[in-house]
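Structural features, examined
Letter by letter, the chains look like this.
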Amino acid sequence: MRPGRQLSELEIQSERAFGNVASGAGLSRTGWTLTRLSKRDDPTISRISYLAEHKDCGPFTYKFQLRPSEPHGFAAEYAMQSTAFDLFPHSDDLTVPKPVYLDADNQASLMTFIEGRPLSEFMREASFDRAAQLVFLEHAGRWLDAYHRAGGAETRGFQPQHTVGYYEKLRDQIASGEMKVAAKPLFLKGIDKLAQLAPAFQGRETVSAVQHGDFHMRNLIFDGHRMACIDFSKDQRAPVGFDIGKILLDYTSILRSEVDLRPGQVIPDDAMEAFFRGYMLVGQDDPSVEFLLYARILATLVHVPQKQSDRTDAKQRTLVRLRPIAQKAFDFGAKNRPKRARPGIRLYLTSKSLQRARNGEHEVFNAIQEVGRRTGTEVTLSRNAPKHRQSADTAEMSLVHMSEPIGRNGLVFRRLYAGSFWQFERCAARWQWQSAKARFDPGEIDAAAAATFFDDWQERLFGRCARQASRDGFIYMPLQGRVMQHRSFQSTSPIRMIEETLQNSDLPIVATLHPNESYSDAEQEALGALQVQYPRFRVQDMAMEQALATCDLVVTQNSSAAFHAMFFGKPSVLFAGVDFHHICANVPKIGVAEAFAQAKVTQPEFAKYIYWFWKVNAIDLEDDASIERLISRLNALGWKV
């Protein structure tokens, strides 16, 4: 096993501090699994959060901050979280996590873990589903409405001159050279816009409430039903438009474009209507809402460094997304701007794949070129590197291989484990794909056609090795990476998967390590300890074809070996989400015991499933009708080609 990657100072210090934090909270110092939830590590801010799991308690969210070193400020944020928890009217679908323990000196804390994912992830998965986006916005509005009411909302006259005065001081600093900003003409135009609007809003009635202070989509945790919010950063009263403007601009800059806006508008009409169906403390015509939406653009731009070389990828993306919206909102040259050209298609590829594409050897690029030729759409190539991704035109139709899509019109492509079968989707998470959610009905598949198709591909891929497969009395367990972590798409960590397999089967287990993964000292030690504790578990080198030809059962998180096992007539138990789960024993769906029981007795219709998965649900680029099917698929995903 190769050594794992070197931990950063932030990771070392956070893991070192956790034992004391757990002990201080009255919990065990040992026996924990830490799974990273988020991380920011740059010269000014270095902080990390983990899901902390233990068999006897929890789970918890563990937060640690290395810099800035401001124990008083860290404690103040913890106190704000505590106040919010105490005040919030908790319900089945709206809540706040409970703070559990604070170690202010080490800038570390524990709070109850809220199941779910950031709302931003749900939004990205719904990139081409506007109706779903608006439902999510309405739910966010309901949460903020409950929070603002909980602290006791107060009516007051709106005073925009304070905001105008702040930005006019910034304008003086920009003019003197004391301050540098990105998109300077646009920023100054925005200040002019605020000064122009202020008199119309002066003194109008608004509502003041205790602020959240950082109310954006990444701080909302959602599980499809219940929504919670984290990372409160303000505890003073302010007009409600501050929090509202933050989330609405966050949504618009990431999911929408300037074409959805009228000149002078910041947020699309349908987004405003959806949010205020949930948020009813004030309406969308509230003066603080209308005015502070413009100020929120400036408040976001002011944190983007002037020079691109000084910007992180995130800051560059912020500027690229926000500039066209700001131009429309500030009515910046709207009459004189030329009409934008029709968006083209851009493929983002690795250096090696780029060379293959330029040599005419990349089958997806060749297919997309043909799509472009037939539809009159320009097709270009870029290297899949941060500097190219961050400068991407967000209106452009883009394709990237097996990673998160680029821009609001981005799609992902991936080979479906062998052959010329490809999937094109809106997100990289295979368990979220349409094919993963589709229903497989073997009764709808022609048995003769499926058998012919299966036999042909079995021969092409594995030949006699698959035809002469045997069952030699062991479980094949192809391990992947991060064996001690429990990630969001997994039912448990790989280490725990091994233990549960040993508990639910008497067969020996032969585990193999992924050749492209690195395994840390701690991971090696954990695997070694299991081999000592359980003599029928061993880690060894074995080729996938040999293992599939001789095993009785495959157990894995979501390794493609479980897909290839179908050609050998071998059942699989899956512990994680994946796209080919339909005829596998699925632990996340039916539980561990039932999955192993099912794997013993069921006889999956492998031939029909392979036919359905590849021929019905994928794009076969060797098929004569592949280009027509590809065009249809791309348009179904929201493109217009």
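Calculation criteria
- Residues numbered from 1 in each chain as written.
- Predicted model: local features only at pLDDT ≥ 70, side-chain atom pairs only at ≥ 80, totals over all residues.
- Heavy atoms only, no water.
- Salt bridge = Lys/Arg side-chain N within 4 Å of Asp/Glu carboxyl O.
- Helix = DSSP H or I, 4+ residues; strand = E, 2+ residues; numbered from the N terminus.
- Pairing = 2+ DSSP bridges.
- Buried < 20%, exposed > 50% of the residue type's maximum accessible area, 1.4 Å probe, protein only.
- 1 Å grid on protein atoms, 1.4 Å probe; cavity = no way out; pocket = protein on both sides within 12 Å on 5 of 7 lines; lining within 4 Å.
- Points joined across faces, edges and corners; volume = space filled by probe spheres on them.
- Contact = heavy atoms within 4.5 Å.
- Axes fitted to C-alpha atoms, helices over the stretch in contact; angles between N-to-C directions.

Our focus in this paragraph is the pattern of salt bridges. On inspection of all chains with the given rule, the structure shows 36 salt bridges. Here glutamate 370 ties to arginine 374 by a salt bridge, and the two come within 2.8 Å at their closest N and O atoms. Residue glutamate 370 and its partner arginine 374 are both found in helix 12 (residues 363-375); the two are separated by four residues, about one turn of the helix. Between aspartate 620 and lysine 615 there is a salt bridge whose closest N-O contact spans 3.2 Å. It is possible to trace a salt-bridge network through shared partners that takes in Arg130, Arg256, Asp260 and Asp270.

Now for the pairing of strand 3 (residues 57-67). Two elements, strand 2 (residues 46-54) and strand 3, share eight bridges in a ladder whose sense is antiparallel. By the bridge assignment for strand 3, serine 46 is matched with arginine 67. The antiparallel hairpin formed by strand 2 and strand 3 contains two residues in its connecting segment. In this sheet, strand 6 (residues 108-112) lies alongside strand 3 in antiparallel orientation, the contact comprising five bridges. Residue pairing for strand 6: phenylalanine 64 is matched across the bridge by alanine 108.

Trans is the prevailing form of peptide bonds, just as negative phi is the prevailing case for residues other than glycine. Omega for the peptide link from glycine 58 to proline 59 comes to 5 degrees, which places this bond in the cis form. Among the secondary structure elements, proline 59 is positioned in strand 3. Here arginine 67 and proline 68 are connected by a cis peptide whose omega angle stands at 0 degrees. Its place among the elements puts proline 68 in the loop between strand 3 and helix 2 (71-87). In the Ramachandran plot, aspartate 231 falls in the positive-phi region, its phi being about 55 degrees despite a non-glycine side chain. One can find aspartate 231 in the loop between strand 11 (227-229) and strand 12 (237-239). Non-glycine residue tyrosine 417 carries a positive phi angle of around 80 degrees. Within the secondary structure, tyrosine 417 is located in the loop between strand 16 (410-415) and strand 17 (421-425). Tyrosine 417 sits in the buried class, given a relative accessible area of 13%.

Attention now moves to empty space enclosed by the protein. All told, the structure shown has one cavity of 30 Å³ or more when counted by the stated rule. In this structure, the largest cavity spans a volume of roughly 30 Å³. Ala562, Ala565, Met566, Lys570, Pro571, Ser572, Ile583, Cys584, Pro604 and Phe606 together form the lining of the largest cavity.

A two-sided burial pattern is seen for strand 21 (residues 553-556), the buried positions comprising Leu553 and Val555 on one face and Val554 and Thr556 on the other. In this structure, strand 18 (residues 475-478) lies alongside strand 21, joined through two bridges in parallel fashion. Residue pairing in the sheet places tyrosine 476 in a bridge with valine 554 of strand 21. Bridge count for strand 21 against strand 22 (residues 572-574) is three bridges, and the pairing is parallel. Each bridged residue has a counterpart across the sheet, and for valine 555 the counterpart in strand 22 is valine 573.

This part covers the sheet that holds strand 10 (residues 220-222). Strand order in the open sheet made by the four strands is 4-11-10-7, with mixed pairing throughout. Edge strands, defined here as strands with exactly one partner in the open sheet, are strand 4 (94-95) and strand 7 (117-118). The pairing of strand 7 with strand 10 spans two bridges and is antiparallel. Along strand 10, the bridge assignment pairs arginine 117 with phenylalanine 222. Strand contacts of helix 4 (residues 130-150): strand 4, strand 10 and strand 11, with the helix running at about 55 degrees to strand 11, the strand carrying the most contacts.

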